[in-house]
Structure formats: structure tokens, C-alpha cells
Amino acid sequence: MMEDTTGSNPQSLGFTEKLKSWLSWSWTYVCFIWFGMVLIMIYVLWSPLKLQETLTSGEFMQLLIFEWWYFRKYGTSFIEQVSVSHLRPLLGGVESSSTTGLFSSVNGEAEPRPSVSECKVWRNPLNLFRGAEYNRYTWVTGKEPLTYYDMNLSAQDHQTFFTGDTQQLRPEDAVMQKAWRERNPQARIRAAYQAIEMNHECAAAYVLLAEEEATTITEAERLFKKALTIGKAGFDSGKDINLLVYIKRRLAMCARKLGRIKEAVKMMRDLMKEFPLLGMLNIHENLLEALLELQAYADVQAVLAKYDDISLPKSATICYTSALLKARAVSDKFSPEAASRRGLSTAEMNAVEAIHRAVEFNPHVPKYLLEMKSLILPPEHILKRGDSEAVAYAFFHLQHWKRAEGALNLLHCTWEGTFRIIPYPLEKGHLFYPYPGCTETADRELLPSFHEVSVYPKKELPFFILFTAGLCSFTAILAMLTHQFPELMGVFAKAFFSTLFAPLGFFADKMESFMPSSFWHQLTRI
């Protein structure tokens, strides 16, 4: 695995990548040309071969119906499955798992592959402040870092999260519900001031002003503290608990951004201890990032031990933080050349397996960590295993990987090699379920239009499948022609093989003219 990615210099790697891309591009057009020639041949031979009678016989239609049924039931083509299982090993490929193995669960029980509806969008636990951070990007570049779809999801979150448990909304709450739905930022801010005029102790209005009107983190922190102070009586009576958790969490994030990291860690720990049932907010991911900034790696490992479950992968933050800790233990003394000569030690193997696990969960992250792709501001919502999650993770954790000496070098030396043994998207991996196919569509809705969305990285061109399809089609056409025109095909075969072996005969004649006849006589006797 080490030798695959480190045995050549960057120039040769660049040339190899260009050659692969050119071959992939040219092969695509060759396939189109070949498919067009097959269609033309079928059209020309439609009447002579009586193809219409063959189609009406029902055999071909039965084959198509069976192929359609097999694809709907198992999510893969029957012809492709036969090619992968039986013909690929003969052509030097790696055997794929069986159909039942593709969609088996962690416990070994048969389970259908995830459907598109399972691509759930989550609130980004480390989303930025609109007024103090997102708007600054707009002022500088003139581009909108957030999509309307993303902001609309946030509006829905705020409406349901801050309504409280009362049956009847207070007048200021009704105004705030309308404020979250406003598309224009200035309209949202005006609605927040209107709610404050109706009730000077409307905490939700101060939350909106802290998020969107405050142009600095210090000002946002001041507004959040005011919201926390004026609403303490309501919080103590059991109302607006969700709003209380939100405010305390954002205050902890303000402290983290202002450099008061130990204070932020304490606030996050207290919040997790006070509200243990609100695990869906993923406050532990905020805690992990703050602990990494403190370089408190023992505390990070303790948090991972509580939240990292290999049978239920949580997020890219969990997987890649675990990989970072294991890589940090060996990366300072790691040498690809030495590892290729002596092999990997136990600690190095653990680090490589952790990277493999992380890459299998989200294959988009390494390019951001290795700065092979430009980062953008993270969205307010992320799709787990998608490009949006990769952007959000790398935006906050790239500095932690850079701080661990040699960690990025180890990632660079291993991630491409480990990705080669990760199965195709619809196949079950060694650790996790198949990669969901709906991530690209959802990421395009969450990420701005100027960002090139990463899709599931394409591995090497599956030449064996294309070769098998072409060989089967060519054999079928030859069989049909031989059945309909045996004499003509016999003449064609003789002409073809005589033409094919003509250069060999010409070469043999030339050799006979140069070599003495006694030499050939002695050679035949031997």
C-alpha cells in the first residue's frame, strides 16, 4: 500500500494521472462509436436476419425482463454481477463480494441497500455566525456563501426549536416565527426589533440579532449574554429549554473564537452534563475541536471512547479525529521508504487502518486536508459522508492535522492506496454500509454554485466489464451471422484468417530464402 503511492516522483505521478484521464476520455468515445456501430449493424441486418421474428418470439424480451427484475431487487446488473464474480479474477481483477454480501449488515443479516430517502441533512454543529463571519465573506468577494436551501432549513430549525412547549404562541413568538421565514436579512432584523418592542424580554429576538446583525464575535457574545440574562426566569420554570441550550452553546463557541478555550471547554462539558439527552446536537464535536486546540489529546481520546462506535459511524469528525490520534503516535518518525523495506509496525498498521476507516466513511476529506482542493466557508447544514461534511470538517480541523508533525505526510502516503481497496459505491465496505448515491444531489443544494462539488471518487476504469460486454456482443453477432449465412461466414472466416496469418507466412518465406535448406532439415529432426 505504501509502495503504490510513494514509489514515484510527483512528475511521473502527474504524467500517469494525465495518461489515465486521457485513456478514460478516449475510451468513452470509443464505447460510443462501438455502440453506434452495433445499432447500425442491427438496422442493416434487420430484414436479412429476420430479427423481428426473433424479437416477437419472446426470448429476448424475457431476458430484458429478468435483467430489469434483478436490478430492481439487488441494485446491480445480473450481467455485471456475473462479470465481476467469474470473469474479473480471470482478467487479473479482485473478486467482489457476493450479492448477499453486498448488502449484509454489521451483524451479518441480510439488509437492503440504503435508499435515497436515507440521506438525512444535519445541522452543522460548527456553523459560523452570519453577521460576523458569513457576511464578511460577501462584503469582500461579493459572493453568497450560503444557499437559499441551506438558509431555509435553518429557518425551519429555528421555528421548531425556539417555539417552546406552549400551546398558544405569545405575540412576540408569532412575530419571531415570521422573522425566521423572511428571505431578506434586513427584514429579519426589523422583525426582531418589532418583537423586542412588544416584549423587551424576548430572548429569541436577541438571538437573531446576535446571529445576523452583530458584525463582530464580541458584539454577538454581548447579545447572547443579554438573551441569557433576560430569560433566566422562564428557563428556570422549564420553558424554552431548547433556546437555553442554543444560547449556551453559541456562547461557548464565542469564547472559543475569542481565544478563551478553557472557558469554552468548561461550558461545553457543563452543557453536555446538564442536558445529556440532547446528543442529537452533537455538542461533543464542538468539544473535540476545542480540546484539539488545547492539544489535550488524552481528553480527546476519552471523548472518542464514549462517542466512537465502529458499528454505528457517527461523523467525519469522529472518524478522522480517531485517525489523527493514531497517526500522531507514529507520524513524527514515519518514513515511506523505511516502511516499504521493513514493513509496517503494529502502531503504523493501526494508523493506516484508522485512515482507511475514515476514508471509507467520507472519501472527500483528504483532498481538503492535503490542500489539493480549495476550501470554502462551511454551510449551516451538512450531509454526512458528503462533500458538505468534508468542507465543514476540514475548515476547522486542518490546523490540527498540520500541528501534528508528519500526520499529513502519513495521510498523503496512505489515503490513495487505501482507497483502492474500498469497494464501489453500491457495494458494502469492510466497515460501513454502501456509499449513498443521493449525496451529490443534496450537496449541490447545500453548497454554493461557485464551489465544485466533490462526488464519489472514481477508481480505475472497470475495463473488464467493458471488455466482457464487447466480447459477448461480438460473439452473439458472429453466432447469428453464422446461423443465417453459414457458407458466407465460412468464406469470410477463411479470408480473415488467411489475411491474419499473411504476415507470418511472408516472414517464414523470407527466413527460408536466407537460411540454407540443410539448417531447416536439421531443425525438423531435433
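Computed from a predicted structure; not experimentally measured. Positions within a chain are numbered from 1, following the residues in the order the chain's sequence is written. With pLDDT at 70 or above as the cut-off, local features in this predicted model cover only qualifying residues; side-chain atom pairs require 80 or more to be listed or tallied, and sums for whole chains, interfaces and linings still use all residues. Calculated side-chain values reflect all of the structure's heavy atoms, with hydrogen atoms and water omitted.

## Here we look at the overall build of the protein chain
By definition, any uninterrupted DSSP run of H or I lasting at least four residues is a helix, any uninterrupted run of E lasting at least two residues is a strand, and each is numbered from the N terminus. Scanning the protein chain for helices and strands turns up 28 helices and two strands. Note on exposure labels: buried denotes an accessible area under 20% of the residue type's maximum, exposed denotes more than 50%, and partly exposed covers the range between, all computed with a 1.4 Å probe on protein chains only. Across the 526 residues in the protein chain, those meeting the buried criterion constitute 41%. To be clear on the numbers: accessible area is Shrake-Rupley with a 1.4 Å probe, and residue cover counts the displayed protein chains and nothing else. Counting every atom, the protein chain has about 30,100 Å² of accessible surface; 61% of that belongs to carbon and sulfur.

## Here we look at the packing of aromatic side chains
Geometry of aromatic contacts follows a simple scheme: Phe, Tyr and Trp rings, the Trp one being its six-membered ring, pair when their centres are within 6.5 Å, and the pair is stacked under 30 degrees between planes, edge-to-face over 60, tilted otherwise. Scanning all chains against the criterion turns up five aromatic pairs. Measuring from ring centre to ring centre gives 6.2 Å for Tyr137 and Phe450, while their planes differ by 25°; the resulting arrangement is stacked. With Tyr137 in helix α7 (residues 130–141) and Phe450 in the loop between α24 (439–446) and α25 (463–484), this residue pair connects regions lying 313 residues apart in the sequence. Here Tyr137 falls in the partly exposed class, since its relative accessible area comes to 24%. When the ring centre of Phe450 is taken as origin, the NZ or CZ atom of Lys143, which lies over that ring, is 4.9 Å away. Geometrically, a charge over a ring is one whose NZ (Lys) or CZ (Arg) sits within 6 Å of the ring centre while staying within 35 degrees of the ring normal. Above the plane of the ring of Phe129 lies Arg250, whose end atom (NZ or CZ) is 4.0 Å from the centre.

## Here's the deal with the UniProt feature "transmembrane region" (unreviewed entry) in the protein chain
UniProt positions are given in the numbering used here, feature names are shortened, and annotations may be inferred rather than shown by experiment. UniProt marks residues 27–46, 461–482 and 488–508 with the feature "transmembrane region" (unreviewed entry), using the numbering shown here. Secondary structure across residues 488–508 divides into 95% helix and 0% strand, with the first and last C-alpha atoms of the span separated by 30 Å.

## With respect to a nonpolar patch on the surface
What makes a patch is a set of residues exposed beyond 30% relative accessible area and free of salt bridges, joined within 9 Å when like-charged and within 5 Å when nonpolar (Val, Leu, Ile, Met, Phe, Trp, Tyr). When a carboxyl oxygen of Asp or Glu is within 4 Å of a side-chain nitrogen of Lys or Arg, the pair counts as a salt bridge. Together, Phe492, Phe496, Phe497, Leu500, Phe501, Leu504 and Phe507 make up a nonpolar patch on the protein surface, roughly 770 Å² of accessible area in all. Elements with a contribution of two residues or more to the nonpolar patch: α26 (486–500) and α27 (502–514).

## Points about the pattern of salt bridges
Counted by the stated rule, this structure contains 17 salt bridges. Across the pair Lys248 and Glu274 runs a salt bridge, and its minimum N-O distance is 3.4 Å. One end of the pair, Lys248, is in helix α14 (residues 241–257); the other, Glu274, is in helix α15 (residues 261–274), with 26 residues separating them in the sequence. A relative accessible area of 45% means that Glu274 is categorised as partly exposed.

## Describing the environment of Val300
Structurally, Val300 can be placed in helix α17 (residues 297–307). In the structure, Val300 is positioned 21 residues away from Thr321 in sequence and 8.5 Å away in space, judged by C-alpha atoms. In this analysis, two residues are considered to be in contact whenever any of their non-hydrogen atoms come within 4.5 Å of each other. Non-local contacts of Val300, meaning those with residues more than four positions away in its chain, are made with Leu288, Leu291, Leu292, Thr321 and Leu325.

## Some points on unusual backbone geometry
Residues apart from glycine generally show negative phi values, whereas peptide bonds are mostly found in trans. For Gln295, which is not glycine, the phi dihedral falls at a positive 60°. Its place among the elements puts Gln295 in the loop between α16 (283–294) and α17. Phi at Glu371 takes a positive value of approximately 60°, unusual for a residue other than glycine. Its place among the elements puts Glu371 in the loop between α21 (365–369) and β2 (381–383). Of the residues examined, Glu371 reaches a relative accessible area of 52% and is grouped as exposed.

## Here's the deal with α16
Given a helix with a known number of residues, its expected span is that number minus one, times 1.5 Å. If you check α16, its first and last C-alpha atoms are 17 Å apart, about what 12 residues at 1.5 Å a residue would give, namely 16 Å. Counting buried positions over the 12 residues of α16 gives 10, a clear majority of the element. When we look at burial in α16, the residues that qualify are Ile283, His284, Glu285, Asn286, Leu287, Leu288, Glu289, Ala290, Leu291 and Leu292. Summarising the contacts, the buried residues of α16 are in contact with α14, α15, α17, α18 (316–331) and α22 (387–403). The positive-phi residue at the C-terminal boundary of α16 is Gln295, with phi of around 60°.

## A closer look at α15
Compared with the 20 Å implied by 1.5 Å per residue over 14 residues, the 20 Å span of α15 between its first and last C-alpha is a close match. Those residues of α15 lying buried are Ile261, Ala264, Val265, Met268, Leu271 and Met272. Buried positions in α15, seen along its axis, are confined to an arc of 130° and lie on one side of it. Residues of α15 that are exposed and point more than 90 degrees away from the buried face comprise Lys262, Lys266 and Lys273. At its buried positions, α15 is contacted by α14, α16 and α17. Directions from the helix axis toward the C-beta atoms define the arc.

## Structural notes on the nonpolar core
Side-chain atoms within 4.5 Å are what join buried Ala, Val, Leu, Ile, Met, Phe, Trp, Tyr and Cys residues into a set we call a nonpolar core. Judged by nonpolar contacts, the single largest core of 96 residues is most densely connected at Met176, Phe224, Tyr320, Leu369 and Trp401. In contact with Met176, not counting residues within four places along its chain, are Ala192, Ala195, Cys202, Ala204, Ala205 and Leu208.

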